[in-house]
Amino acid sequence: MIENYYLRLLSFRSQSTRFWEFTSRYLLISILLTFFMSAPLQAQTNISGKPGLIYIPSARMTEDGAFQFGYHYNPIKYGFRFNRQNSEGIYFANLTILPRLEININLLRINNELKKGQKGIGDRQLDIKYLLLKETAKRPSVAVVLSAPFGIDNSLSTNAVMASKTLRLGGNLYAELTAGFGSPVYIKRDESEKSNYDIFENLEIVSKKKLGYRYLSGPFGGFNLRLDNKVGLMAEWDSQHFNTGLYATLFRRWTVQAAILNFDQVTFGTSYAVNMITLPKRLRAHQNAERHTPTSLEKRTKLLNNFENLSIDTTSGKIAYEQRIYRNPYVGMFEVQTALPDSGVTELVPMFQGVPIGAYRMGKRISYRALAKDEKEARGFLQKRYKLDFWLQPVFAANFGYREKTLQSNTSVLLQTQLYLWKGMALNAGLLLPITNDMDDRPKIVRPAPIFLNQFLSLGKHFVSASAGYFYNDQYGVNLQYRHHDLSGPWSFGIESGLTGLYYYTRKGIYYEKMDHLLLVADAAYRLPRPELTLKLSGGRYLAGDEGGRFDLIRQFTNVEVGLYVMKTNNGTTAGFNFAVPIPPGKIAQGKKVRLRTTDEFRWEYSYTRGFRIGERYRTGYQLDQKLRQYHINYLNRQRP
């Protein structure tokens, strides 16, 4: 049997396990490096990771795209979940996803559990903060923060309104004053994680008097006496106790802080801050250098090696090219201009799988037009115009929340490649090297990565993606996507259909089930001109046969995309978030004919509920809407100097 022979041929896993475990850790950790390479900002945070003092939040306005993540330790006597029984660790991430609007995700985990299963994954909480009024010379800033009501154990529930005012005391010395009021009640879900299929069921209003620690219940206030944004002295009344503390910001991004709660016990924490809108340092340096000094011939030659299927039409003034290194198409546009400064070209034509996306005129503002039929050159066998391109891609699936097993994960590294057969047609193949799997009892064996054919078509404002083969998420079959998208306009519409069946690899070959899973989903999306925000409404029949709808809010930053969603089908109601990031360093080794790199994009989605198969989908190589919005002129123009 061919599959058996193929699997036996790849049985070198035992010799390579250490290498691939190291590689997977590097790839996953490098996601954080994507954030590290962004611009810095001040990041002093309160206990749950919001801008604030020690326990209390403030109404301080944060920059659009500001992102902070970190950890805080909360001592045993002031524990939120099991007061006077366990100390706690609070992990958090805080993102200013829109001007005035912050999203905070925090995870409260108890330390030294007294009873097995008591700890679980921890208390997962989503908070939303909105700045009602900006600070002026005569007026404080005013903000409101609300905790999402669907948490089962939200012992750190934050429902409050607050005002903050910054006063300059002289020189670089400032005083930031904050006062507010926290709600004495909160919304709780009387639910178990094992029947958590509808996030809006069994809601009830509960008094915080029933909690072991009444966090932000009543009036609170405090001050931050700071020297620039480098060091500060904090004092506050958190509605229950008086707390004092210090913080310092190191290397402009990293903040460390410590405080004494009620003159009794110590809390401490750390956070790291970046801005997701600012261009990467490397690209900023290139753009600044271009204004003053021409790029050397050696550097231009090196940049040209990043591109494939490159052609220059001096008659029409167009350069057509394809680049597969960068997730952000603007980087490729800038580099091709830098590499060919005297070509007399007025338009750039980026391609995907040998198919032109459109023509972009690179003036002070970028403009876009769809190509006419006679402008699209037909080519035969394409691979000779491309490198042998190999890339490493992490794959991570997880279930969170079971008390018996707090994290069930399936982690692998794919070594993938593409063979371009003709215009728009690509054969995707590779190897899958497993790292961990405690989600099911399938064997951890080296096996083929998803293998499938994909045909991409671009017909003016109409785009098609047709795939057949073995896909991700253990589905094989056929998939067809269509999208109407004007890359200079706000609206786009799409439909996706597929017929698939379950497959997976065993030690003896491939296990198949009948192709009887019908997927049929339609959507409409509207893009706001500023900021890069897309509102998307979709609905239809999903992989498990459930029917329903989903609403997505998607924000494009310079190199990162972040989305929030809520979904309801016959199987239940859930909410969550997703993100897409490039994996550094990009190029690992590159010659004229062969290249090894990390993947240009890693996508991951989190759902608050798990195990109920709510709106499940499988993944082919890409989704049309995700791919095309990277080429929208609003997104590209935001990055112009």
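Residues numbered from 1 in each chain as written. Predicted model: local features only at pLDDT ≥ 70, side-chain atom pairs only at ≥ 80, totals over all residues. Heavy atoms only, no water.

Draft legend 1. Main features of the overall build of the protein. Scanning the protein for helices and strands turns up seven helices and 37 strands. Evaluated residue by residue, the protein yields a buried proportion of 54% over its 641 residues. A fraction of 57% describes how many contacts in the protein between residues 6 or more apart in sequence connect residues 24 or more apart. For the protein, the accessible surface area stands at approximately 28200 Å², while carbon and sulfur atoms represent 60% of it. (Helix = DSSP H or I, 4+ residues; strand = E, 2+ residues; numbered from the N terminus. Buried < 20%, exposed > 50% of the residue type's maximum accessible area, 1.4 Å probe, protein only. Contact = heavy atoms within 4.5 Å. Areas by Shrake-Rupley, 256 points an atom, 1.4 Å probe, with all protein chains shown as cover.)

Draft legend 2. Main features of the environment of lysine 387. Turning to its location among the elements, lysine 387 is positioned in the loop between strand E20 (366-369) and strand E21 (388-400). According to the relative accessible area criterion, lysine 387 is buried, its value standing at 3%. Taking the C-alpha atoms as reference, lysine 387 lies 9.3 Å from asparagine 309; in sequence the two are 78 residues apart. In contact with lysine 387, not counting residues within four places along its chain, are Asn305, Glu308, Arg324, Gln590, Gly591, Lys592, Lys593, Val594 and Arg595.

Draft legend 3. Representation of the side chain of asparagine 83 within the structure. Within the secondary structure, asparagine 83 is located in the loop between strand E1 (66-74) and strand E2 (88-98). Side-chain polar atoms of asparagine 83 contact the backbone oxygen of glycine 79, separated by 3.0 Å. Non-local contacts of asparagine 83, meaning those with residues more than four positions away in its chain, are made with Ile76, Lys77, Tyr78, Gly212 and Tyr213. (Polar contact = N/O pair within 3.5 Å; in protein donor to acceptor, adjacent residues only side chain to side chain.)

Draft legend 4. Region of the structure containing the packing of aromatic side chains. Going through the model one piece at a time under the given rule, you end up with 35 aromatic pairs. Aromatic pair phenylalanine 67 and phenylalanine 69: ring centres 5.7 Å apart, planes at 35 degrees, arrangement tilted. Each member of the pair, phenylalanine 67 as well as phenylalanine 69, is classed as buried. Plain terms: the ring middles of phenylalanine 577 and tryptophan 604 are 6.5 Å apart, the flat faces sit at 65 degrees to each other, and that makes the pair edge-to-face. Of this pair, phenylalanine 577 sits in strand E34 (residues 572-581) while tryptophan 604 sits in strand E37 (residues 602-607), placing them 27 residues apart in sequence. For tryptophan 604, a relative accessible area of 14% puts it in the buried group. Between the NZ or CZ atom of arginine 124 and the centre of the ring of tyrosine 608, over which it lies, the distance is 4.5 Å. (Phe/Tyr/Trp six-rings, centres within 6.5 Å; stacked < 30°, edge-to-face > 60°. Lys NZ or Arg CZ within 6 Å of the ring centre and 35° of its normal.)

Draft legend 5. The pairing of strand E7 (residues 173-182), seen in detail. Here strand E6 (residues 160-170) runs beside E7; their pairing, made up of ten bridges, is antiparallel. Opposite serine 164, over in E7, you have threonine 178 as the bridge partner. Linking E6 to E7, which pair antiparallel, is a turn of two residues; within it glycine 171 sits at a positive phi near 60 degrees. Alignment of E7 against strand E10 (residues 218-227), held across ten bridges, turns out to be antiparallel. In the sheet register, phenylalanine 181 faces E10, and the bridge partner there is proline 219. (Pairing = 2+ DSSP bridges.)

Draft legend 6. Molecular detail of the nonpolar core. The biggest cluster of nonpolar side chains holds 31 residues, and the ones touching the most others in it are Tyr360, Phe456 and Leu487. Contributions of two or more residues to this core are made by strand E16 (318-322), helix H5 (329-339), strand E17 (347-352), strand E19 (359-362), E20, helix H6 (624-628) and helix H7 (633-637). Judged by nonpolar contacts, the second largest core, of 27 residues, contains Phe67, Leu101, Met276 and Val581. (Core = buried A, V, L, I, M, F, W, Y, C linked by side-chain atoms within 4.5 Å.)

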